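Residue-level structure breakdown
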Amino acid sequence: MNQWEVVIGIETHAQLSTVSKIFSGASTAFGAAPNTQACAVDLALPGVLPVLNKKAVECAIRFGLAIGAQVAPKSIFARKNYFYPDLPKGYQISQFELPVVVGGAITVQVGAGDKAYEKTVNLTRAHLEEDAGKSLHEDFQGKSGIDLNRAGTPLLEIVTEPDMRSSDEAVAYAKSLHALVRWIGICDGNMQEGSFRCDANVSVRRPGQPLGTRREIKNLNSFRFLKEAIDYEVRWQIETLEDGGRIQQATVLFDPASGETRTMRTKEDAHDYRYFPDPDLLPLVIGDDWVARVRGELPELPGQMRERFTGELGLSPYDAGTLTASQEMADFFESTVKVAGMANAKPCANWVTVDLAARLNKEGKDIADSPVSAAQLGGLILRIADNTISNNIAKKVFEALWHGEGATADEVIEKQGLKQITDSGAIEKLVDEVLAANPGNVAEFKAGKEKAFNALVGQVMKAAKGKANPQQVNELLKAKLTA
Amino acid sequence: MINKSLKELAQALGTKQISSVELSTLFLDRIERLNPEINAFVTVDREKSLKMAADADARIAAGTAGALTGIPIAQKDIFCAEGWRTTCGSKMLANFIAPYDATVIRKMHHEAGLVSLGKTNMDEFAMGSSNETSYFGAVKNPWDRERVPGGSSGGSAAAIAARLAPAATGTDTGGSIRQPAGLCNLTGLKPTYGVVSRYGMIAYASSLDQGGPMGASAEDCALLLNTMVGFDERDSTSLDRPVEDYTRGLEQPLAGLRIGLPKEFFGEGCDAGVMAAVQGAIKEYEKLGATMVEISLPNSHLSVPAYYVIAPAEASSNLSRFDGVRYGYRAPEYGNLDDMYMKSRAQGFGGEVKRRILIGAYVLSHGYYDAYYLQAQRIRRLIANDFVAAFQSCDVILGPTSPTTAFKIGEKSADPVQMYLSDIYTIAVNLAGLPGMSLPCGFAGGLPVGMQLIGNYFDETRLLNVAHRYQQATDWHQRRPDGIA
């Protein structure tokens, strides 16, 4: 692999969260009975005309501003002509030569821990278009059914430069984009329902050589499939080339069952879409005032928030990246800090990204549905900070809060008597008892076995039911043993 | 009664001299008697029409009638009307019952209270200049039944000329209102692009299509236009402008009017008889106090070639929806999906439509787009600029509507280019988006000659005024074909 460089570009179709369709007044709600959300315009009856939904344009502007792109003052809707039963007009209204969003970039965190690094993925463009309907091939006695509910649903197609160099980078980008579109409220990100789907353009080359021939993997609707499909495709392309073969430009589909990609069509049988400006729609003109108004309505963006977290709160870039992976996570963290105080931002970050995340993960819960609220967690962290409880006891308190055994950390600590013993007289008494009861360990320690010390600490903590201040226990033990 | 103007009919209805049901019945009976020969209507529904007439009578009785409530008119079969078969002259839609109303239909019938006498024949999908491409057969010109009425609004023109309807709607993409008006001794107006909503008007070439009125006089057109116009939020190319009354300027004197005569419209290629009639009209206008200004539209010779790139390009895409999947014609037997598409479209469309779809697909295809489509768009701008320059020195432009009078059925159908040249004087107006009219100005060899008036953007009121004053001074527009009056 090290002799080959992987080059990946991603096209994402994000379904925009508008109430009605991009060119008609029909509803965009998911899951209705077939063809109940398709009006005359969606059915492409003779004589109907499209009228652009301003809300969809506003979503595009939001996105453009969020990625630091240029929002085009004038863009053009074009017709992409092809025949398919779920494409009622025989053309899709899209944008071709002049898209609404040009350029921009997204900086993503790739990997974890020491191997983590930042990667900036440049965007080529983002354009507005309408979705097609769906062909249903079951239950029609050998015929196909057409459901046009989805026809005309607004999409933002987001296209990157071929900037990614591994499936990890591709997934990091896709996750980051997924978080961003949800963050700015333009897409619900529901991948199962097809609200967010990726196409990956994959090629390989020898480093320093021009770009290789790419193959496009269509319609990847999970991050796992995105990774598996790219990994398979990369292996296949490298093997093909090393076996002396050539890569032919093609569109391929990923089969999750076999983990393989298969060719759908090659360049030779590619459509000529005969794009031309849609004469039914005027050029989309977006004035500075409109852009300014949308800018004023934007929330703090993940990038800005990351900078604030690393700056004001002194978090690591990795923690800041994890915490801003979704609006919900960031909100939870900020609410936690509000209770625990900025001085405790670091433990707040640890609790949210490690302990809480693991616990949620175990139960398959979203942070928005966390049984432990941000206020409860903040209260808990305060008690660790002021030495009321140790980290170990805190985990017990957290579990108790998780199971609703108290309204606050303080109540749990009080009710279950978990308050840390910091009275040095009481701790000294425990230490003396343990030393007297464990002469073997004492002897071992004095013979130079450091491990015996840890065993003694454990005994003291056990005697204190975990509530003794560990630092005080350490100090007292050490003092007594070396006296 | 059948020869009365819309104003006179409105008066007769208002004074209870006749009811809308009686008036509509009169015309429905004429249609029943004469249409089998003229073939102007493809769909008549007496019951529906009389229901509308009864509703109009109720409005008149209740005192809630508009200016034209109760007057029956004919609708070109390109406008979707709920519950009415809407064919667009094609086998493809021969059994299509529209489930919704075009904005024009809503405005004229539901708001203004006009009665629909039925749907008129037309060239298939408005592609043609003779009405011969209709799936429902050629329409006969009432002035000479061996001749064409022009097209594509030939059914509407023949219906009015044969007094099967007092007035009608048409649509004009390259001359489809003006040319048949000229060939049938009628007055027809194509408004500025964007004045009449295109919603529900089956698209041929979206950037050129415009609906408009056809009638016996400029006054009738003005009255009818009043009921058709207005901003429509369902049509993105509809223009949001203050409502005007197009009759308000009809009587303005023409003293001081500057009429531009484009030298390109008075050269070779126009029949002598047509030219003589147009020259006669110029003399008449001079008598009315207008002055003639020679102008030039230097790019007008490019209008037919540009049109036959742009219009087919848009049509090839607009007509893709007729795929046999959801409505319209589907071949009775087919193999797979592609076969279903090919057979349905091959059998459902006529020859001229297929020709334009092929031309359109060709000029839009990869590698040809720049040389044809973009080049044609550049020419389109040049043509529009010619008019802008011309209107610096004149108020309206005058010339012939068509180079010939009505030709014989079958005469040009084998030669598409000859047919396309029938629209040589009218096409530039659509490319520029300007308003244009045709009105009767005499006869040549016993056949009507139309003259064309072209106005600046939104100058419909002035055009109608210029036409009306001429019609006050002449009686060409009152002539009727033999055996009709």
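Rules and cut-offs
- Within each chain, residues carry numbers counting from 1 in the order of the written sequence.
- To label them, take the chains in the order written and letter them from A, then take the ligands in the order written and number them from 1.
- Only residues with pLDDT of 70 or above have their local features reported here, since the model is predicted, and side-chain atom pairs are shown and tallied only from 80 upward, although totals for entire chains, interfaces and linings are computed over all residues.
- Hydrogens and water are ignored here; the side-chain numbers use all heavy atoms of the structure.
- In this description a helix means any DSSP run of H or I spanning at least four residues, a strand means any run of E spanning at least two, and both kinds are numbered starting from the N terminus.
- The atom set for the radius of gyration is the C-alpha atoms, and the globule formula is 2.2 Å times the number of residues raised to the power 0.38.
- Here the term buried applies to any residue with accessible area under 20% of the maximum for its type, exposed to any over 50%, and partly exposed to those in between, with areas from a 1.4 Å probe on protein chains only.
- Throughout, a residue-residue contact means that at least one pair of heavy atoms, one from each residue, lies within 4.5 Å.
- Residue exposure ignores everything except the shown protein chains as possible cover, and the areas themselves are Shrake-Rupley values with a 1.4 Å probe.
- Here the positive residues are Lys and Arg and the negative ones are Asp and Glu; neither His nor the chain ends is included.
- By convention, the point assigned to a charge is CZ for Arg, NZ for Lys, CD for Glu and CG for Asp.
- Defined in terms of a 1.4 Å probe, buried area is the accessible area two parts forfeit on being brought together, summed over both.
- Basic side-chain nitrogens of Lys or Arg form a salt bridge, by our definition, when they fall within 4 Å of a carboxyl oxygen of Asp or Glu.
- Helix axes are fitted to C-alpha atoms over the stretch in contact, other axes to C-alpha atoms as well, and angles between N-to-C directions run from 0 to 180 degrees.
- By definition in this entry, angles of less than 35 degrees are roughly parallel, angles greater than 145 are roughly antiparallel, angles of 65 to 115 are roughly perpendicular, and the rest are oblique.
- Crossing handedness follows the turn of the near helix against the far one: under a right angle anticlockwise gives a left-handed crossing, and clockwise gives a right-handed one.
- Note on residue categories: nonpolar means Ala, Val, Leu, Ile, Met, Phe, Trp, Tyr, Cys or Pro, charged means Asp, Glu, Lys or Arg, and polar means any other residue, Gly included.
- The split into domains, and so the bounds of each, comes from an automatic or database assignment of domains.
- Working definition: rings of Phe, Tyr and Trp (its six-membered ring) pair if their centres are within 6.5 Å, and the pair is stacked with planes under 30 degrees apart, edge-to-face with planes over 60 apart, and tilted otherwise.
- Think of it as a cone above the ring: NZ of Lys or CZ of Arg counts as a charge over the ring if it is within 6 Å of the ring centre and within 35 degrees of the ring normal.
- The arc refers to the directions leading from the helix axis to the C-beta atoms.
- What makes a nonpolar core is a set of buried Ala, Val, Leu, Ile, Met, Phe, Trp, Tyr and Cys residues whose side-chain atoms join them at distances within 4.5 Å.
- Under the rule applied, a polar contact is a pair of N or O atoms within 3.5 Å (in protein, one hydrogen donor and one hydrogen acceptor; residues adjacent in sequence only if both atoms are side-chain atoms).
- Any two strands between which DSSP finds at least two bridges are classified as paired.
- By convention a crossover is right-handed if, when the strands point away from the viewer, the path from the first strand over the helix to the second runs clockwise.
- Any two cysteine sulfur atoms within 2.5 Å of one another count as a disulfide.

Re the overall build of chain A
Check the secondary structure of chain A and you find 15 helices and 17 strands. In terms of overall size, chain A is more extended than a compact globule, its C-alpha atoms giving a radius of gyration of 29 Å where 483 residues would be expected to give roughly 23 Å. Projected onto its principal axes, the C-alpha positions of chain A cover 95 × 55 × 50 Å. Split into buried and exposed, the 483 residues of chain A put 52% on the buried side. Relative to all contacts within chain A whose residues are 6 or more apart in sequence, the contacts with residues 24 or more apart total 68%. Put simply, chain A shows about 22,400 Å² of open surface, and 50% of that area lies on carbon and sulfur atoms. Each charge class in chain A was averaged separately, 54 positive and 63 negative side chains, and the resulting centres sit 2 Å apart.

With respect to the environment of Asp 147 of chain A
Residue and element names in this part refer to chain A. In this structure, Asp 147 sits in strand S10 (residues 145-147). Under the relative-accessibility criterion, Asp 147 is labelled buried at 12%. Taking the C-alpha atoms as reference, Asp 147 lies 47 Å from Arg 308; in sequence the two are 161 residues apart. Contact partners of Asp 147, with chain neighbours within four places excluded, come to Pro 34, Asn 35, Gly 133, Lys 134 and Leu 136.

Details of unusual backbone geometry
All names here are of chain B. The peptide bond linking Gly 151 to Ser 152 adopts the cis configuration, its omega dihedral lying at 5°. Inspection of the secondary structure puts Ser 152 in the loop between strand S3 (115-120) and helix H5 (154-161). Despite not being glycine, Cys 88 has its phi angle at roughly 55°, a positive value. Mapped onto the fold, Cys 88 is located in the loop between strand S2 (72-76) and helix H4 (103-111).

Digging into the interface of chain A and chain B
Taken together, the contact pairs 30 residues of chain A with 38 residues of chain B. The contact between chain A and chain B buries some 2,700 Å² in all, and 58% of this surface belongs to carbon and sulfur atoms. For chain A, the biggest contributors to the area lost against chain B are Pro 46, Leu 49 and Phe 83 of chain A; these three give 23% of the whole. Counting across the interface, chain A meets chain B through 1 salt bridge. One salt bridge in this structure joins Arg 198 of chain B and Asp 280 of chain A, with 3.1 Å as the shortest N-O distance.

Structural notes on the packing of helix H9 (residues 374-385) of chain A against helix H10 (residues 391-402) of chain A
All names here are of chain A. Their axes nearest at 10 Å, the elements H9 and H10 cross at an angle of 160°. Relative to H10, the element H9 lies roughly antiparallel. Relative to H10, H9 is oriented so that their crossing is right-handed. Along its contact with H9, which presents Gln 376, Leu 377, Leu 380 and Ile 384, the element H10 presents Asn 391, Ala 394, Val 397, Phe 398 and Leu 401. For the contact of H9 with H10, the class distribution of residues is 7 nonpolar, 2 polar and no charged.

Looking at the domain arrangement of chain B
Residue and element names in this part refer to chain B. Once the domains are mapped, chain B shows domain 1 (6-256) and domain 2 (303-377). Put simply, the middle of domain 1 and the middle of domain 2, counted by C-alpha atoms, are 28 Å apart. Contacts between the two partners involve 19 residues from domain 1, matched on the other side by 20 residues from domain 2. The contact between domain 1 and domain 2 buries some 1,600 Å² in all, and 65% of this surface belongs to carbon and sulfur atoms. The largest per-residue losses of area from domain 1 upon contact with domain 2 belong to Met 92, Met 127 and Tyr 204, which jointly make up 41% of the total buried on that side. Here domain 1 and domain 2 share 0 salt bridges between them. Per-class residue counts for the side of domain 1 that touches domain 2 are 10 nonpolar, 7 polar and 2 charged.

Considering the packing of aromatic side chains
Inspection of every chain in the model, using the stated rule, returns 28 aromatic pairs over all chains. An aromatic cluster is present here, built from Phe 96, Phe 125, Phe 322, Tyr 327 and Phe 349 of chain B joined pairwise through their rings. Note that Lys 80 of chain A overlies the ring of Tyr 273 of chain A, its terminal NZ or CZ placed 4.4 Å from the centroid. Directly above the ring of Phe 407 of chain B sits Lys 412 of chain B, whose terminal nitrogen or CZ lies 4.4 Å from the centroid.

A look at helix H5 (residues 302-311) of chain A
Side chains that are three or four residues apart share a direction in an α-helix, a result of its 3.6 residues per turn. All names here are of chain A. All of the buried residues along H5 are Pro 302, Met 305, Arg 306 and Phe 309. The buried residues of H5 all sit within an arc of 105° when viewed along its axis, so they share a single face. In this structure, H5 carries Glu 307 and Gly 311 as exposed residues pointing more than 90 degrees from its buried face.

A word on the pattern of salt bridges
Under the criterion given, the structure shown has 52 salt bridges over all chains. Two residues, Glu 284 of chain B and Lys 287 of chain B, come together in a salt bridge whose shortest N-O distance is 3.6 Å. Taken together, the positions of Glu 284 of chain B and Lys 287 of chain B, both in helix H8 (residues 272-287) and 3 residues apart, correspond to about one turn of that helix. A relative accessible area of 16% means that Glu 284 of chain B is categorised as buried. One connected set of salt bridges, linked through shared partners, spans Arg 79, Asp 278 and Asp 280 of chain A together with Arg 198 and Asp 235 of chain B.

Some details on the nonpolar core
By size, the foremost hydrophobic cluster in this structure holds 158 residues, and its most contacted members are Phe 125, Tyr 285, Phe 387 and Leu 464 of chain B. Ranked by the residues each element gives to this core, the list is headed by helix H9 (residues 303-318) of chain B, at 9 residues. Discounting residues that sit within four places of it in the chain, Phe 125 of chain B has contacts with Cys 88, Ser 90, Met 92, Leu 93, Ile 202, Tyr 204, Leu 319, Phe 322, Phe 349 and Val 353 of chain B. Membership of the second largest hydrophobic core comes to 110 residues, among which are Cys 198, Leu 356, Ile 381 and Ala 394 of chain A.

Structural notes on the domain arrangement of chain A
All names here are of chain A. Each assigned domain of chain A is listed with its residue range as follows: domain 1 (5-290), domain 2 (300-415) and domain 3 (424-482). Placing the centre of domain 1 and that of domain 2 at their C-alpha centroids yields a distance of 36 Å. The junction of domain 1 with domain 2 conceals about 950 Å² of combined surface from both sides, 61% of it contributed by carbon and sulfur atoms. Where domain 1 touches domain 2, the interface holds 1 salt bridge. A salt bridge links Glu 328 to Arg 182, with the nearest nitrogen and oxygen atoms 3.4 Å apart. On the surface where domain 1 and domain 2 come into contact, there are 3 residue pairs in polar contact (both at pLDDT 80 or more). Elements with a contribution of two residues or more to the side of domain 1 that touches domain 2: helix H1 (54-66), strand S7 (105-110) and helix H2 (167-183). Here the residues of the side of domain 1 that touches domain 2 are counted per class, giving 8 nonpolar, 4 polar and 1 charged.

Brief notes about the sheet that holds strand S4 (residues 77-81) of chain A
Spatially, 3 strands are ordered S5-S4-S16 (chain A) in an open sheet, and the strand pairing comes out antiparallel. Both outer strands of the open sheet, strand S5 (91-95) and strand S16 (276-277) of chain A, are each paired with one neighbouring strand and no more. Relative to S5 of chain A, S4 of chain A runs antiparallel, the two being bridged by 5 bridges. Residue pairing in the sheet places Lys 80 of chain A in a bridge with Gln 92 of chain A of S5 of chain A. Taken strand by strand, H9 of chain B contacts S4, S5 and S16 of chain A, and its axis lies near 65° from that of S4 of chain A.

Things to note about the side chain of Ser 300 of chain B
Residue and element names in this part refer to chain B. Structurally, Ser 300 is set in the loop between strand S8 (291-295) and H9. For Ser 300, the side chain forms a polar contact with the main-chain oxygen of Leu 297, separated by 2.9 Å. Once you skip the residues sitting within four places of it in the chain, Ser 300 turns out to touch Glu 264, Phe 265 and Asp 386.

Concerning the pairing of strand S7 (residues 258-262) of chain B
All names here are of chain B. Among the 5 residues that make up S7, 4 are buried, leaving the element largely enclosed by the rest of the structure. What joins S7 to S8 is H8, and the crossover it makes is right-handed. Bridge count for S7 against strand S9 (residues 396-400) is 2 bridges, and the pairing is parallel. Within S9, the position partnered with Ile 259 by the bridge is Val 396.

Considering the environment of Arg 306 of chain A
Residue and element names in this part refer to chain A. Summarising the element assignment, Arg 306 is placed in helix H5. Counting along the chain gives 13 residues from Arg 306 to Asp 319, while the straight-line C-alpha distance between them is 8.9 Å. Here Arg 306 is in contact with Thr 107, Ala 320, Gly 321 and Thr 324, once residues within four sequence places are set aside.

Examining the state of the cysteines
Two cysteines form a disulfide when their sulfur atoms are joined by a covalent bond. With the rule as written, the count across this model stands at 0 disulfides over all chains. There is no disulfide at Cys 221 of chain B, and the cysteine sulfur nearest it, in Cys 184 of chain B, is 14 Å away.

Focus on the packing of helix H7 (residues 327-340) of chain A against H9 of chain A
All names here are of chain A. Two elements in contact, H7 and H9, have axes whose closest approach is 7 Å; the angle formed by their N-to-C orientations is 45°. The angle between H7 and H9 falls in the class oblique. Taken as a pair, H7 and H9 cross one another with a handedness that is right-handed. Contact residues: Phe 332, Ser 335, Thr 336, Val 339 and Ala 340 in H7; Ala 374, Ala 375, Leu 377, Gly 378, Gly 379, Ile 381 and Leu 382 in H9. Taken together, the residues of the contact of H7 with H9 break down into 8 nonpolar, 4 polar and no charged.

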